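Chain by chain, the residues run as shown.
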Amino acid sequence: MGAAPSTPRLGAEGAPPSPGAAEQMFAALVGDKAYPISSEFWKQLLELPLPQQWPRDRVLQACHAFAQNNYQTKHLAKILIHLVWCLQECTLTTSVSSVVYGRAINAAYISSIFLKFIIENAKADNWQELSLDIDKNEKGMEKFPAENTVEYFLMRGVLNYIGSVDVSLESCYLHHELLNLMLVLMSTQLCSGPSPEPKDVHPFIDAAMLQDSSIVVSVVRKLLLNFVTRPKFPQNGSHPVFSDDGRPGVLQRVGSAAANFVLLPYYTFNYLVSSTPEGATSQLADNSLLVLLVMIHYRKCISTNDSIPSNNTYTGSDTNDKEAQIFHENPYCKALNNAKDIQYDRADVEGNAQDGPVVRLSFASLFDALGRCLNNESSVLLLYSLVHGNCDFQEYVLVRTDLDTLLMPILEMLYNASRKTSNQIYMLLIILLILSQDSTFNASVHKLVLPAVPWYHERLMHQTSLGSLMVVILIRTIKYNLSKLRDVYLHTNCLAILANMAPHVHRLSAYASQRLVSLFDMLSRKYAKLAELKNDKSHKVISDQMEADNNADDMSTELHVYTDFLRIVLEIINAILTYALPRNPEVVYAVLHRQEVFEPFKNHPRFNELLENIYTVLDFFNSRMDMQQLDGEWSVDKVLEVINKNCRSWRGEGMKMFTQLRFTYEQESHPEEFFIPYAWRLVLSRGFSFNPGAINLFPVEIHLDDAPSSEQKV
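Residues numbered from 1 in each chain as written. Predicted model: local features only at pLDDT ≥ 70, side-chain atom pairs only at ≥ 80, totals over all residues. Heavy atoms only, no water.

## Structural notes on empty space enclosed by the protein
Right, on to step 1. Applying the stated rule across the entire model yields two cavities of 30 Å³ or more.
Right, on to step 2. Here the largest cavity is characterised by a volume of approximately 90 Å³.
Right, on to step 3. Contributing to the lining of the largest cavity are 14 residues, with P196, D200, H202, Y298 and I676 lying nearest its centre.
Right, on to step 4. Its residues assigned to classes, the lining of the largest cavity comprises six nonpolar, four polar and four charged.
Right, on to step 5. Taken together, V471, L498, M501, A502, V505, L508, L516, I572 and I576 make up the lining of the second largest cavity.
Right, on to step 6. Counted by class, the lining of the second largest cavity contains nine nonpolar, no polar and no charged residues. (1 Å grid on protein atoms, 1.4 Å probe; cavity = no way out; pocket = protein on both sides within 12 Å on 5 of 7 lines; lining within 4 Å. Points joined across faces, edges and corners; volume = space filled by probe spheres on them. Nonpolar A, V, L, I, M, F, W, Y, C, P; charged D, E, K, R; others polar.)

## Digging into the pattern of salt bridges
Right, on to step 1. Summed over the entire model, instances satisfying the criterion amount to 24 salt bridges.
Right, on to step 2. In this structure, R594 engages E596 in a salt bridge whose closest nitrogen and oxygen atoms are separated by 3.5 Å.
Right, on to step 3. You can call R594 partly exposed: its relative accessible area is 23%.
Right, on to step 4. Linked through salt bridges whose partners overlap, the residues forming this network are K43, E47, E89 and R103. (Salt bridge = Lys/Arg side-chain N within 4 Å of Asp/Glu carboxyl O. Buried < 20%, exposed > 50% of the residue type's maximum accessible area, 1.4 Å probe, protein only.)

## A short note on the confidence of the model for the protein chain
Right, on to step 1. Predicted confidence across the protein chain gives a mean pLDDT of 84, with 80% of residues reaching 70 or more.
Right, on to step 2. Confidence drops under pLDDT 50 across residues 1-7; counting only partners more than four residues distant or on other chains, this segment forms 18 contacts.
Right, on to step 3. Segment residues 704-714: pLDDT under 50, and 23 contacts once partners within four positions in sequence are set aside and those in other chains are kept. (pLDDT = per-residue confidence, 0-100. Contact = heavy atoms within 4.5 Å.)

## Re helix α15 (residues 377-389)
Right, on to step 1. The terminal C-alpha atoms of α15 lie 18 Å apart, and with 13 residues this matches the ideal 18 Å at 1.5 Å per residue to within 8%.
Right, on to step 2. Of all 13 residues in α15, 11 are buried, a share of seventy percent or more.
Right, on to step 3. Residues of α15 that are buried include every one of E377, S378, S379, V380, L381, L382, L383, Y384, S385, L386 and V387, and no others.
Right, on to step 4. Taking the backbone nitrogen of S378 as reference, a side-chain oxygen 2.8 Å away marks N376 as the first, capping residue of α15. (Helix = DSSP H or I, 4+ residues; strand = E, 2+ residues; numbered from the N terminus. Expected span 1.5 Å × (residues − 1). Polar contact = N/O pair within 3.5 Å; in protein donor to acceptor, adjacent residues only side chain to side chain.)

## A few points about the environment of L429
Right, on to step 1. Mapping L429 onto the fold places it in helix α18 (residues 422-436).
Right, on to step 2. Separated by 68 residues in the primary sequence, L429 and I497 have C-alpha atoms spaced 8.2 Å apart.

## Digging into the environment of L407
Right, on to step 1. In this structure, L407 sits in helix α17 (residues 404-415).
Right, on to step 2. Each C-alpha atom of the pair L407 and L374 lies 9.6 Å from the other, and the pair is 33 residues apart in sequence.
Right, on to step 3. Contact partners of L407, with chain neighbours within four places excluded, come to L432, L435, F441, V445, L466 and M470.

## Details of the side chain of R400
Right, on to step 1. Note on placement: R400 falls in the loop between α16 (391-399) and α17.
Right, on to step 2. Judged by relative accessible area, which is 16%, R400 ranks as buried.
Right, on to step 3. Engagement of the side chain of R400 in a polar contact is seen with the side chain of D402, the distance being 2.8 Å.
Right, on to step 4. For R400, the residues in contact, after removing those within four places along its chain, are A364, F367 and D368.

## A word on the layout of surface pockets
Right, on to step 1. Size it by volume and the second largest pocket reaches roughly 600 Å³.
Right, on to step 2. Lining the second largest pocket we find 31 residues, and of these I119, E120, N121, A122 and K123 sit closest to its centre.
Right, on to step 3. At the level of elements, α3 (56-73) and α5 (98-121) are the ones that each hand at least two residues to the lining of the second largest pocket.
Right, on to step 4. No other element matches α5, which puts five residues into the lining of the second largest pocket.

## Quick notes on unusual backbone geometry
Right, on to step 1. Look at S131: it is not a glycine, yet its phi comes out positive at around 50°.
Right, on to step 2. With respect to the helices, strands and loops of the structure, S131 is situated in the loop between α5 and α6 (150-164).
Right, on to step 3. For S131, a relative accessible area of 5% gives the class buried.
Right, on to step 4. Although it is not a glycine, Q463 sits at a positive phi angle of roughly 55°.
Right, on to step 5. Relative to the elements of secondary structure, Q463 occurs in strand β6 (residues 462-465).

## Here's the deal with the packing of aromatic side chains
Right, on to step 1. On inspection of all chains with the given rule, the structure shows 26 aromatic pairs.
Right, on to step 2. When the ring of F363 is compared with that of Y396, the centres are 5.9 Å apart and the planes differ by 70°; the resulting orientation is edge-to-face. Of the two residues, F363 is situated in helix α14 (residues 363-373) and Y396 in helix α16; the sequence distance between them amounts to 33 residues. Y396 carries the same exposure label as F363, and that label is buried.
Right, on to step 3. Ring geometry for F674 versus Y678: centroids 5.3 Å apart, planes at 40°, classification tilted. Separated by four residues within a single helix, F674 and Y678 lie in helix α27 (residues 672-685), roughly one turn from each other. (Phe/Tyr/Trp six-rings, centres within 6.5 Å; stacked < 30°, edge-to-face > 60°.)

## Observations concerning the packing of helix α20 (residues 466-485) against helix α21 (residues 488-501)
Right, on to step 1. Two elements in contact, α20 and α21, have axes separated by 9 Å at closest approach and are oriented at 160°. Between α20 and α21, the crossing angle belongs to the class labelled roughly antiparallel. Where α20 crosses over α21, the two elements pack in a sense that is left-handed. Contact with α20, carried on its side by G467, M470, V471, L474, I475, T477, I478, N481, L482 and L485, involves L490, H491, C494, L495, I497, L498 and M501 of α21 and no other residues of that element. (Axes fitted to C-alpha atoms, helices over the stretch in contact; angles between N-to-C directions. Parallel < 35°, antiparallel > 145°, perpendicular 65-115°, else oblique. Left-handed = near helix turned anticlockwise from the far one by under 90°.)

## Overview of the packing of helix α24 (residues 585-593) against helix α26 (residues 636-647)
Right, on to step 1. One can describe the packing of α24 onto α26 by two numbers: an axis separation of 9 Å at closest approach and a directional angle of 120°. The orientation of α24 relative to α26 falls into the category oblique. By crossing handedness, the relation of α24 to α26 is classed as right-handed. Across the interface between the two elements, P585, E586, V588, Y589 and L592 from α24 touch V636, V639, L640, I643, N644 and C647 from α26.
Right, on to step 2. Classifying every residue of the contact of α24 with α26 gives nine nonpolar, one polar and one charged.

Given below as structure tokens:
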């Protein structure tokens, strides 16, 4: 594969190419002879069935040779242009032949191999190695728009096909390869730092951001529809770049063996050997979602001195002044945020229809698909993006009567928090926090009764409300965080959700009520221990005064944090007793049963005003208990009977009314520093491999086997 003959030779007219002929074609592709874009060479190359299986070292040699010779041959730009022409033929022709589909798939696949290798091994951050500056006066370039760059022309062709051509039994493999190609094209982000800067260059995704709104809207809609409908690949179908016996072709096999160096990992073609149609279906849907997430969370950083991007290219300066930077609007994010329910569009009713094209799809189908797929971390990020950014979808979720469709998978994942990433836990809690900002949501979750919770193993839960389960799981998450993660942000989010729910609690279960009081007990014991340690430290003479001061500062900070946590828990209990006591006898019972845990804080200046209300309740119900003439011992049932009876006569006399706590979620000032790396971590976790040594977007562990290909012995 290393040296190219002067003229590649194929088999006789109409006969399949021999293995030697195919090898000659690829040797010519990677060689130093430039083939004009109008040459028959490209048609012959793209119609190869690629049945050969070359060893890894020869493919690596080919990639090195291609990258080196591409400066002169411009073969990468030429094959990308031919890909677009193939896609245009597939788009404009009503009846597309399998030969045309095969040509387009080969072009997408072969492009991906060499693109990925060049991106992973690029030395310059402006991607000069891509050599996309083709001579537009070359013969055959007459139909190439003179005002376009190659990257803009490519992204327009790929996105137009994805957005305008429905996934069918004939087109599904091409859609799949184009989605894989999109991930490769956008992977230049992996080579940039975690904070976008004006000097960052991402030729392909930047070009995607400049496409017409009609293309943007159609792409976002189609990617969402792929996620919802999960289109099936044909059973027993064969991939056009596979040989007739179904074995991996020339580059597929090598891609599997040396994914870090060549193209996509083995998941690129896993669907072809999947034992079930369901397994085959999910790959296209999952890749559609990954492409959508990368696109909607991308941010192009420009400085205040930069000009607005032209139709083809972004212009930027080298300034690193973060305060002077702004971000160009992401049209894909905007399209998702403005998506409308096809079954009910309020703008149509109010006569305020938006200007320009709008993404329209069934929110009901999207809601159900999210409920089915939330065990996939990518789906969690999509749900977050929708409830945070799309007001219409958020409102749709809040009025659904079957909230358990979304909430049960979320709560089950929080129940299994030890097996989840911290980012996933953050996303789940933020989704709950956003929803809990709505009073209707908080009331609805307590009215929805679950017959059972099979995944909760600590105790049987029969006929418990969804709201009670939420309280139990949130408190469980707090306790897990306290013992393992010790993350203040996570703690705060859990308590914020509970605080939002508190005034609307309705018939909280006995178990949830007990857990709420035990949470206060657990935090109070931690607080007391910290206060004791701080007091001991202040009385000890430590030789290293600087270290002593640092330790004291750390302990004071932690003590202050736990003081805030305790106050929020007291406010949660206080809100239930103030606004919803008659509907929550089990909460009253739990407070009565563990009333001693509140005693140490009765005179604490930060807590005494909140404890006044709790003791007003305790005094009221203790006096009613004392008035009862009881034969024998008190039982739980008898205590609850007295509480229930007196809840009906409770008038809240003597209770101080505090302003209801209401926590809202706001993104950090630079959310792109979290979401861009997070989206790409999801891509990599789904099987997309990338040379770890080339990743600057987030820290990665580099093992010996992961070293750059140039350092490998092949």
